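# Remarks on the overall topology
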Amino acid sequence: MSVLKIRINPDPVLRKKALKVTNIDESVCRLIDNMVETLRASSGVGLAANQVGVPLRIVIIQIPDEELMVLINPEIIETTGERMVVEGCLSIPGYQAEICRAEIVKVKAKGRDGKLIRRKASDLLAQAIQHEVDHLNGVLYIDYLDDMSQLVKTAAGF
Ligand code: CO
């Protein structure tokens, strides 16, 4: 496994709509392993494949003390409520900002074994799922800000 280079905004790959994974083959599994290694070497809780330069619909999420989540072709099928959250991104290092996210999401995806995953999530997991699915659509959290003066300097990131 190897640690991959995380693409930093304004790298154009971050703005590409990622493509559906049609076959969970050896190269996809190797990419996932390398994404896990890359996320472990960072301060983040989630990583989308286009953040390492691969425009495929794959995200991984590692909430501290919880099981690693691998979501292939994730779709948010329902959202409930709203809450203000502080958000950062590994592709926008050194900054964070407060934005509004849905409180609860229902997500549908495939796992790395190809099995269907349906999960209802709240709190940090719900936030991370929304952040990472946004990445797959070329959306960054800063897109929700009215102006860039709302960014605050920090060290943490997703
Ligand atoms: Co991010």
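Scroll up to find the structure.
Notes on the structure follow. (Residues numbered from 1 in each chain as written. Predicted model: local features only at pLDDT ≥ 70, side-chain atom pairs only at ≥ 80, totals over all residues. Heavy atoms only, no water.)

## Overview of the overall build of the protein chain
Regarding its fold elements, the protein chain presents two helices and eight strands. Ordering the α and β elements of the protein chain from the N terminus gives α-β-β-β-β-β-β-β-α-β. If one aligns the C-alpha atoms of the protein chain with their principal axes, the spans along those axes are about 45 × 35 × 30 Å. Out of the 158 residues belonging to the protein chain, those deemed buried represent 44%. Considering only intrachain contacts with a sequence separation of at least 6, the fraction spanning at least 24 residues in the protein chain is 67%. Put simply, the protein chain has 20 plus and 21 minus side-chain charges, and the middle of one group is 6 Å from the middle of the other. (Helix = DSSP H or I, 4+ residues; strand = E, 2+ residues; numbered from the N terminus. Buried < 20%, exposed > 50% of the residue type's maximum accessible area, 1.4 Å probe, protein only. Contact = heavy atoms within 4.5 Å. Lys, Arg positive; Asp, Glu negative; His and termini not counted. Charge placed at Lys NZ, Arg CZ, Asp CG, Glu CD.)

## A word on the sheet that holds strand S5 (residues 95–101)
The antiparallel open sheet is built from three strands, whose spatial order is S4-S5-S8. The open sheet has two edge strands with one neighbour each: strand S4 (83–88) and strand S8 (152–153). Here two bridges tie S5 to S8, and the two strands are oriented antiparallel to one another. Looking across to S8, one finds that Tyr 95 is bridged to Lys 153. In this fold helix H2 (residues 123–136) packs onto S4 and S5, with an angle of close to 60 degrees to the strand it touches most, S4. (Pairing = 2+ DSSP bridges. Axes fitted to C-alpha atoms, helices over the stretch in contact; angles between N-to-C directions.)

## A closer look at the side chain of Asn 50
In this structure, Asn 50 sits in the loop between strand S1 (46–48) and strand S2 (58–61). If we ignore the near neighbours within four places in the chain, the residues touching Asn 50 are Arg 7, Val 13, Leu 14, Lys 16, Pro 55, His 135 and Leu 136.

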